[in-house]
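Given next are the chains, with one letter for each unit.
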Amino acid sequence: MRLNYVLRLALTASITAIDLIYGFDIQSVSLPQISLEELGQVGFAGDFRGISISQYVDQEKNIGSVSLSKPDSIIVNLPTNVFIDWEQSDGVVNAMCALNESIFVAGNFTTIGDSTLSSVAEINIFTGDIASVGDGINGTVTSAYCDLDANLVYFGGAFEHSVAIWNASNSVWNSIPFGGLNGGHVNAITKRKGNIIFGGIFNNLGNSTSANSTVSSSNVPEQVINIKTAHISATGSTTNSSNSNPQSIVCSSNSSATDSTWLLEDDSDGTWSASFQYEFTPTKLRLRNADVDNRGTKLFRFIAYPNDGIMNFTYTDPQTGNKKYCDAWCPLANITEADIQEFEFVNVIGMVGFSIEILDHYGAGAGLSSIELVQEQLVTFAIEKFNEPTSCGAETSLVASSAIKGSWNQTIASGITYLTTTNVSIADENTTYVDFYPDIAVSGNYTVSLFTPGCVSDNTCSDRGQVNVTIYPTADGDHDSVSLFQTNDYYKYDVIYEGYVEAGEGSFRPYVRLAPLESQNSANVIVAERLLFTLTSTSVRLNGLFEYDPANYTSNSSFSNSIVDTPVISAANSLLNSAEITSLLVANDSILIVGGNFSNENLVNNFFIINNNDTVSVADGGLNGRVDSMILSQDSSSVILGGRFDAIASNRSSSVNGLGYVASYALSTSQWSGLGTGVNGPVENIVRLSLNSTTKSYSSLALSGNFTDIVNDDNNTISVDGLAIWFESENRWAEDSDFELPYLTGSLSSSILTESGTYVLSGNVQAQSIEVSGSALLSDALQLSSLPYQFLSNVTGQSRLEDDSARSQVFTGSFYLNSTGTYSVIGGHFSIEADNGQTFNNLVILDDSAPIAGFQQEFNNTGTYVFTTLNHKNTTLLVGGVFEGSIGSSDVNGLVIWDLQTQTFASAQPASLTGGDNVLVSSIKSRPNTNEIVVAGSFNRAGQLTCRNLCVYNLDSGNWTALSRGISGDVSSIHFIDSDRMIVTGNMSTGDSVKCYFAQYDFASSSWSTLGQQSSVLPGPVHSFVSLSNSPSDAIITGNYADNDTTYLWAYQSDSWLSLDSALLPGSEISDLEILQLDGTTTTTTTTTTKSKRDNLSNLSSDTILLVLGRLEIDNIGNVSAALFDGDSWTPFVYSTRQDGSPGKINSLFVQATKSLELRYAEQSSHNLAKGFVVLISLAISLAIMFAIISIAILIAFYRRRRDAGYAPLSGWLPIEGSSSISEAIPPAMLFSQVGNEKI
């Protein structure tokens, strides 16, 4: 069994095992069995930093720009170092925990995959089903803890009560025995000695009896609903113009019966209706009857829309004072009996309109003189006209209002009207925002909720971004901010604040500002709709840390409404106000580790430990900055912390070095140490994952945050762009080791280890199998490996070829051999640094372990590009591209010769190319069996020789030769059929200015052929050409349509062109085509065989397949960098990713073999013998056939004569007497006497 097959089978088995053990629906991809053995070493060159072979379905989901506005995903970390983006949410995932057969997911989202959710979800490990946890949680959930002993899941975050408890045994939400936590939100939850510990920002319990004040039905704040701006209509109105306007009873002062009364026609029923552009939730209806000529309404009913339901009320009878109930027949007292009557809704529901149907009347007819709706919600709308009216019953001088800055437009979707602004990627909180000013008449603790319309209804899901929401609750200017995703599919609300809010007084107004989060490159739209303030109870402060003992909160417990003092709560009480706990850990079930942003008078700063005996350890005073994330080491002997610190907090003389935003604290020795020298920016999350080599498994931690580099001990840096890997077992950064790292960029927020040893992660990352710098090697087993170099920071420049070619990337590569081994050559636009400190630019030669030579400062680096290289006989390397300079006394421009034996520029250089805006060499090919090199590109002269865009250089003489005229224009590629015939492609023209994209040159006759109709019907310039027979008769080509510049892929068969690009979507770019051999066949046999052609594409034989390279968008597949095409179907082959996570591009394939697969096939089928040998062989065969025919005829005649008459002596043949044999000569006279007389 072949090794590559074994390796591929092992990889497939690892993926299939996950599929069988767990229900993550990871389907492996079956690739054609490609054989690369005859090509020798194989490499990819391109614009990518991560690259993978296609291994599983939907692998393209790993590609896409990482940005603040990109939603988080659930990610599976396979033992093969593959990271699978299993399902994507529409928001953020903050935490996960495992319980029995389920993974519980917490965050701020409304969908994961196709499942509709509300911030929490349950994933069945064995089936992969995603289910809602009850009705979900409205708000942001930041933490989750699975209690295996009680079969409960505790959730914490910024939502009502800040805590929720899910009973996994009964699949119901449990009531919160302590009423939740007020004053902020919960960041972390853990368990110690049987008790649940909550950490965050909060100051009291939700049901504490020690509150300073409580909210009862008598002091719930009310707000008038703005009917004034609603659409008012009526039926049955009087014809008397003074009283026919239904609008007159809205905001009525009741001072004038004529101006404020609406009447119906005499003895008639009618309706009064109002429709709104937003949803409201009324709790009370207030009506005043008509006061004109003893007329009035006697009976009515209230219809709510959109559900068309009749609403039930309770009211106080004005005659008896008793509380009564009504539904479809509600009485309204005469004006003489009651001025304004109040009806309280029995069922409080949301509505967008209503009608009052008048069923009976007093006097001659019915009417009303005032109407008012009230809600027990303090709502502030972004659209000012929806807010509480200033002259309609407001009891204070302050009413809810809003103010906007920037360009905002009203959007109506799903019956909701809200504000939308675009171009937020260039906006900030100073130029674009909405300020909400609530009507806060009573100081107290409030829960503040922000409502966000879904993106599905207004079709903005791909454009939605993130917002920064800041609340200013008190007059002292303190504020609290939170960033929120607006990528929710459906309508949602988030609790943005729980805490103290001062009442508006004088010039002070509490307010909330909603603005786009800055630096959102991919976001374009944010929305603003409404804000809700809900007054809650107040209680004693907990300073962000609470210990919940279930035994203290039962129906029989005297502690059920109070805080029980414990060592944890005592530690919290010692902290200064406004403490925030961000992370909690428990080691050995008894040691509580607390991290956050806090301090106290006992020199506790941002970190402390409560030991097994409940004493507090201050750990050298803690750290000098905030702690954001913590994780226990694999053996639980130490804790690794990340945050915004760079030193310990104590002032002791012996400081600890290397605490650059990340640190390690040994629990047994109480000693601090660094992780190397740390990183250069804040660390926000630390999660565990699995990385494995062929020989061992590495205990690994992934650190995410706002940093760009790892800092080494010698102050050198390693670029990591916000995500770095620490090998615990090696005590070193993975990026600073010899480990073949996977490509990971983005951030990870949480991870859990399943029973099978597989990690399930959450976050926003782009991942590929290995991290590289624009090139990768491919083995016959289809395993990728990197070359021994890394790009320095991106070099800049401009290119004539494409807009993004200024990015650091590799355009070309080659291999060469000498007595010491195989060497790699790569060329492009980049800078790298060798171990000896040398910097190589744009061309580098590498051995197995390091760069050894290349371009240095000979050319202007920012404008230099190497686009093509040619290894000639392992001694000479020809390099073409865009560069200009001097080598010794020789000027070079676009083409230079490198001596592979001395590893420096050759002493003799070709005469310089000149002409045009920029000289560019795009293709170099060696003419077979000669020392002539054909050079193509953009130039006018070679030395003193006029030579437009295509010229021949003789390596022996050092002279340039121009090809005969007949074709002009840009040449993109060169292909030799044999030593005399050459195919060129590009954007060319004939001598009579006819477009020509495909032509043939004959060196023997020095003539051009435009290939007739085969070239003239092409739709645009040709970039690349392949052919199994190495001739135009079965060409496969790619190029760009001349009319729209999109990519085409065509094949020539049966004397006509066939389009192969029906599955290629707009945006596809093809950079190279290759024909590969399939496994189990060979092209080196000397036996002449006839390969069967593919039925659907005769250009390919059954043992070959087409490889298409570039940046491809394929229907039903997505983005790939290389794909295999068999004439009927596409198979994804290679995925790649740029540094920013966007799709990469493969510019070319380079191989060690000196002959292409097409040329070997052509030699196999035709032998390509010289004409003289063909003639000689034909003559020999003809003579052999003639000799065989004559011999057969003689034999037939011999046997016929022998059978018919035998042989008789000739007359004149006289035997010698006494002789038994012929011993005498025949006399000549006798011999010739009969000549002419006998006839045969």
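Each value, and the rule that gives it
- Residues numbered from 1 in each chain as written.
- Predicted model: local features only at pLDDT ≥ 70, side-chain atom pairs only at ≥ 80, totals over all residues.
- Heavy atoms only, no water.
- Helix = DSSP H or I, 4+ residues; strand = E, 2+ residues; numbered from the N terminus.
- Buried < 20%, exposed > 50% of the residue type's maximum accessible area, 1.4 Å probe, protein only.
- Contact = heavy atoms within 4.5 Å.
- Pairing = 2+ DSSP bridges.
- Axes fitted to C-alpha atoms, helices over the stretch in contact; angles between N-to-C directions.
- Disulfide = S-S within 2.5 Å.
- Core = buried A, V, L, I, M, F, W, Y, C linked by side-chain atoms within 4.5 Å.
- Salt bridge = Lys/Arg side-chain N within 4 Å of Asp/Glu carboxyl O.
- Phe/Tyr/Trp six-rings, centres within 6.5 Å; stacked < 30°, edge-to-face > 60°.
- Lys NZ or Arg CZ within 6 Å of the ring centre and 35° of its normal.
- Polar contact = N/O pair within 3.5 Å; in protein donor to acceptor, adjacent residues only side chain to side chain.
- pLDDT = per-residue confidence, 0-100.

Draft legend 1. Inspection of the overall build of the protein at higher detail. Looking only at helices and strands, one finds seven helices and 92 strands in the protein. For the protein, buried positions account for 55% of its 1240 residues. Taking contacts inside the protein between residues at least 6 apart in sequence as the whole, the part at least 24 apart equals 60%.

Draft legend 2. View of the sheet that holds strand S52 (residues 662-666). Strand order in the open sheet formed by four strands is S50-S51-S52-S53, with antiparallel pairing between adjacent strands. Looking at strand neighbours, the two that pair on one side only are strand S50 (627-632) and strand S53 (671-674), the edges of this open sheet. Averaged over all adjacent pairs, the angle separating strand axes in this sheet is 25°, with direction ignored. Pairing of S52 with S53 involves four bridges; the strand directions are antiparallel. Its bridge partner lying in S53, Ala663 is registered against Gly674.

Draft legend 3. Quick peek at the state of the cysteines. According to the stated counting rule, one finds four disulfides in the structure shown. With a sulfur-sulfur separation of 2.0 Å, Cys97 is cross-linked through a disulfide to Cys146. As the torsion about the S-S bond is roughly 65°, the Cys97-Cys146 disulfide counts as right-handed. With a gap of 49 residues between them, Cys97 in strand S6 (residues 92-99) and Cys146 in strand S12 (residues 139-147) connect regions that are remote in the sequence. Look at Cys97 and you get buried, because its relative accessible area is 7%.

Draft legend 4. Layout of the pairing of strand S23 (residues 270-280). Along S23, eight of the eleven residues are buried, which leaves the element largely enclosed by surrounding structure. Pairing of strand S21 (residues 231-235) with S23, which is carried by five bridges, proceeds in the antiparallel orientation. Opposite Ser233, over in S23, you have Ser273 as the bridge partner. Inspection of the sheet shows S23 paired to strand S31 (residues 351-362) by seven bridges, in the antiparallel sense. Bridge assignment links Ser273 to a residue of S31, and that residue is Ser355.

Draft legend 5. Region of interest: the nonpolar core. Among the nonpolar cores identified, the biggest contains 67 residues, and Trp272, Leu285, Phe302, Phe354 and Phe533 are the most heavily contacted of them. If you tally residues by element for this core, the top one is S23, at five residues. When residues no more than four places from it in sequence are discounted, the contact partners of Phe302 are Leu285, Gly309, Ile310, Met311, Phe313, Phe345, Met351, Phe354, Ser355 and Ile356. Residues Val29, Leu784, Leu1107 and Ile1146 belong to the second largest nonpolar core, which totals 27 residues.

Draft legend 6. Quick peek at the pattern of salt bridges. Tallied over the entire structure, the rule returns 27 salt bridges. Ionic pairing is found between Arg644 and Asp628, a salt bridge with its closest N-O pair at 3.4 Å. Here the residue Arg644 occupies a position in the loop between strand S51 (638-643) and S52, and Asp628 occupies one in strand S50, the gap between them amounting to 16 residues. You can call Asp628 buried: its relative accessible area is 15%.

Draft legend 7. Local environment of unusual backbone geometry. Of the consecutive residues Tyr305 and Pro306, the connecting peptide bond is found in the cis state with omega at 20°. Summarising the element assignment, Pro306 is placed in the loop between strand S25 (296-305) and strand S26 (309-310). Unusually for a residue other than glycine, Asp1055 sits at a positive phi of about 65°. Residue position: Asp1055 is located in the loop between strand S86 (1047-1053) and strand S87 (1056-1059).

Draft legend 8. Expanded view of the packing of aromatic side chains. One pass over the full model with this rule turns up 60 aromatic pairs. Measuring from centroid to centroid gives 4.7 Å for Tyr472 and Tyr511, while their planes differ by 15°, and the two rings are stacked. With Tyr472 in strand S39 (residues 466-472) and Tyr511 in strand S42 (residues 511-516), the pair connects residues that are 39 residues apart, well separated along the chain. Positioned over the ring face of Phe451 is Arg530, at 5.8 Å from the centre of the ring.

Draft legend 9. Summary view of the pairing of strand S89 (residues 1104-1114). Of all the eleven residues making up S89, ten are buried; the element is thus mostly covered by neighbouring parts of the structure. Pairing between strand S88 (residues 1069-1078) and S89: eight bridges, direction antiparallel. Note on S89: the bridge partner recorded for Leu1073 is Val1108. Relative to strand S90 (residues 1118-1125), S89 runs antiparallel, the two sharing seven bridges. Residue pairing across strands places Leu1106 opposite Phe1125, the latter belonging to S90. Linking S89 back to S90 in an antiparallel pair, the connection comprises three residues, with Asn1116 at a positive phi of about 65°.

Draft legend 10. Focus on the side chain of Ser1024. With respect to the helices and strands, Ser1024 occurs in strand S84 (residues 1022-1027). Among the residues examined, Ser1024 registers a relative accessible area of 5% and is labelled buried. From its side chain, Ser1024 meets the backbone nitrogen of Leu1073 in a polar contact 3.5 Å long. Those residues in contact with Ser1024 that sit more than four places away from it in its chain are Ser973, Thr985, Ile1036, Ile1037, Thr1038, Asp1072 and Leu1073.

Draft legend 11. Representation of the sheet that holds strand S36 (residues 416-422) within the structure. The strand order S35-S36-S43 describes an open sheet built from three strands, whose pairing is antiparallel. The open sheet has two edge strands with one neighbour each: strand S35 (409-413) and strand S43 (525-528). Going from strand to strand, the sheet's axes swing by 40° on average, the running direction of each strand aside. For S35 and S36, the ladder comprises five bridges, and the chain directions are antiparallel. When the sheet's bridge partners are listed, Gln410 is paired in S36 with Leu419.

Draft legend 12. Molecular detail of the environment of Asn468. As for its position among the elements, Asn468 is in strand S39. Here the alpha-carbon distance between Asn468 and Leu484, two residues 16 residues apart in the chain, equals 6.5 Å. Setting aside its immediate chain neighbours within four residues, Asn468 contacts Glu429, Ser481, Val482, Ser483, Arg513, Leu514, Ala515, Pro516 and Leu517. A polar atom in the side chain of Asn468 sits 3.3 Å from the side chain of Thr470.

Draft legend 13. Summary view of the confidence of the model for the protein. In the predicted model, the protein carries a mean pLDDT of 83, and 84% of its residues have values of at least 70. Taken together, the stretch residues 1-21 has pLDDT below 50 and engages in 34 contacts with residues farther than four places along the chain or on a different chain. Counting interchain partners and residues more than four positions distant, the pLDDT-below-50 stretch residues 208-219 has 15 contacts.

Draft legend 14. Geometry of the side chain of Thr283. Secondary-structure assignment places Thr283 in the loop between S23 and strand S24 (284-289). Leave out the neighbours within four places in its chain, and Thr283 touches Phe343, Glu344, Phe345, Val348, Val374, Gln375 and Glu376.

Draft legend 15. Focus on the environment of Tyr823. Here Tyr823 lies in strand S66 (residues 821-833). Counting along the chain gives 25 residues from Tyr823 to Asp848, while the straight-line C-alpha distance between them is 7.2 Å. Setting aside residues up to four positions removed in sequence, Tyr823 forms contacts with Ser814, Phe815, Tyr816, Asn818, Ile845, Leu846, Asp847 and Ile852.

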